[in-house]
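Structure at a glance
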Amino acid sequence: MSYIRPIPMTDPARPIGAVPLAGGWCWFSHAEIFHRGEIARIVPVAQLDGETRDRLSSARPAFGGLAMDRPRIMGILNVTPDSFSDGGQFLRPEAALMQARKMAAGADILDIGGESTRPGAAEVLAAEEIARTAPVIAALRHGGLELPISIDTRKAAVAEAAFAAGATILNDVTALQFDPAMARVAAAAGRPVILMHSIATPATMQDDPFYDDVLLDVYDALAARLAEALAAGIPREKLAVDPGIGFGKTLAHNLTLLSRLSLFHNLGVPVLLGASRKRFIGTISAEADAAKRMPGSLAVALAGVAQGMQMIRVHDVAETRQALSLWQAATTGGAA
Ligand code: HH2
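Residues numbered from 1 in each chain as written. Predicted model: local features only at pLDDT ≥ 70, side-chain atom pairs only at ≥ 80, totals over all residues. Heavy atoms only, no water.

As a further point, take the sheet that holds strand β11 (residues 239-242). Across the sheet, which stays open at both edges, the 8 strands sit in the order β11-β10-β9-β8-β7-β6-β13-β12 with parallel pairing between neighbours. Every interior strand has two partners, whereas the edge strands, β11 and β12 (272-274), have only one. Strand-to-strand twist in this sheet, taken as the mean axis angle between neighbours without regard to direction, amounts to 25°. By the bridge criterion, 5 bridges tie strand β6 (residues 72-78) to strand β7 (residues 109-113) in an arrangement that is parallel. Paired with M74 across the strands is I109, a residue of β7. Sheet strands in contact with helix α4 (residues 156-165) are β8 (149-152) and β9 (169-172), and its direction is about 160° off that of β8. Running over the sheet, helix α10 (residues 317-332) touches β6 and β13 (311-314) and is turned about 165° from β6. (Pairing = 2+ DSSP bridges. Helix = DSSP H or I, 4+ residues; strand = E, 2+ residues; numbered from the N terminus. Axes fitted to C-alpha atoms, helices over the stretch in contact; angles between N-to-C directions. Contact = heavy atoms within 4.5 Å.)

On to helix α7 (residues 251-259), then. The set of residues buried in α7 consists of H253, N254, L257 and L258. Down the axis of α7, the buried side of the element spans an arc of 130°, and every buried residue falls inside it. Looking at the buried residues of α7, the elements they touch are α6 (214-231), β12, α8 (279-285) and α9 (294-305). (Buried < 20%, exposed > 50% of the residue type's maximum accessible area, 1.4 Å probe, protein only. Arc of directions from axis to C-beta.)

A word on the domain arrangement of the chain. Assigned domains of the chain: these are domain 1 (1-59) and domain 2 (62-332). Taking only C-alpha atoms into account, the centre of domain 1 sits 26 Å from that of domain 2. With 20 residues of domain 1 at the interface, the matching set in domain 2 holds 26 residues. Interface of domain 1 and domain 2: buried area, both sides summed, is about 1800 Å²; carbon and sulfur atoms make up 60% of it. (Domains from an automatic or database assignment. Buried area = accessible area lost by both parts, 1.4 Å probe.)

What follows concerns the nonpolar core. General note: in soluble globular proteins, nonpolar side chains tend to be found buried as a group. The biggest cluster of nonpolar side chains holds 89 residues, and the ones touching the most others in it are L48, L77, L110, L140, L170, L176 and F264. Examining the composition of this core, we find that 8 residues originate from one element, α6, more than from any other. A domain split of this core shows at least three residues from each of domain 1 (1-59) and domain 2 (62-332). The residues contacting L140, other than those within four sequence positions of it, are L97, A100, R101, L110, I112, L145 and I149. (Core = buried A, V, L, I, M, F, W, Y, C linked by side-chain atoms within 4.5 Å.)

As a further point, take the packing of aromatic side chains. Throughout the structure, instances matching the rule amount to 2 aromatic pairs. A ring pair is formed by Y3 and Y219, whose centres lie 5.7 Å apart and whose planes are at 85°; its orientation type is edge-to-face. Taken together, the residues span a long stretch of sequence, with Y3 in strand β1 (residues 2-6) and Y219 in helix α6 at a distance of 216 residues. Given the relative accessible area of 3%, Y3 is considered buried. (Phe/Tyr/Trp six-rings, centres within 6.5 Å; stacked < 30°, edge-to-face > 60°.)

Right, let's get into the environment of A200. Positionally, A200 belongs in the loop between β10 (193-196) and α6. Through-space distance from the C-alpha of A200 to that of F178 is 9.3 Å; in sequence the pair is 22 residues apart.

Put simply, helix α3 (residues 126-142) and α4 touch, their axes get as near as 8 Å, and they point 15° apart. By the angle class used here, α3 and α4 are roughly parallel. In this structure, α3 crosses over α4, and the sense of that crossing is right-handed. Where α3 approaches α4, its residues A126, E129, I130, T133, A134, I137, A138 and R141 are matched on the opposing element by A157, V158, A161, A162 and A165. Within the contact of α3 with α4, the residues separate by chemical class into 10 nonpolar, 1 polar and 2 charged. (Parallel < 35°, antiparallel > 145°, perpendicular 65-115°, else oblique. Left-handed = near helix turned anticlockwise from the far one by under 90°. Nonpolar A, V, L, I, M, F, W, Y, C, P; charged D, E, K, R; others polar.)

Checked against the element boundaries, S285 lands in helix α8. Spatially, the C-alpha atom of S285 lies 27 Å from that of F264, the residues being 21 residues apart in sequence. Of note is the side chain of S285, whose polar atom sits 2.6 Å from the backbone oxygen of I281. (Polar contact = N/O pair within 3.5 Å; in protein donor to acceptor, adjacent residues only side chain to side chain.)

What follows is the structure, given as structure tokens:
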């Protein structure tokens, strides 16, 4: 089997024959072709078969009501005592609401979670997770917030309660694998779903994760999760994928994925990148305090956008919005 990665470009000058990448702000004229165990080759786009070229270049459908022709910012709100960077800050409902309203000014989606999935985290009971998240979502909706809200959960009961309270998207870090009822609940609710790659559970995922080839293994796993979601009755236009930076991955694994993220466009659905404040940023920048990793997080977010990532999950919404606006202005010469 071959794996085809469009080589993403953002230069204002496009050579003849270049095609848009996923109908978005990047283009490509060449692709890198991988076969397991072989050295990659680079081929011009004209050498790709028509179906592959169309899949890589065609516009993605709107996701959760958001057009995917520009990068979208997902703001993170962890209503938890123990999340790795904002744990305990927004556990009180008033604090959560204030932060959500602040983020709403710059975010396209709010992602609300009631269970930390940081490495080593213990599981939270569904009832507790519901008590943390559903009232915040309901209060935001009662207050008139219209932005898409995603519920970051592995549990079907939590997703159902969040949908009833007004959440519109499911963000499952186990890609519907943790809870056997999740695929059915998501399909019945008709809500868009983000399928994130992870191995094992947060409690054990960083215990010596191993891949044959991390890029191709994560790609295959996401392709399999997509197929399962389709089989469960969730239509393709309601699905997005995420390589799951930091979930069962070493520093080297994360960097391999980040440097070749555009491979995931070949899955034909929007791709989300979540790297904000994660440990690898601290390792590379020698910053032990997660709350001080905003500059590194901005750099990684922009590197993702330069590879056509349609959604970027971040803690620092206003800062990311500013960085993105300036990146767009500087790469397009103000034309976009
Ligand atoms: N990362 C985290 C949680 N949910 N969802 C998606 N789709 N992608 C991610 O990369 C992702 C995610 C972990 O980060 P955070 O929510 O900040 O921390 P914690 O799990 O400790 O609450």
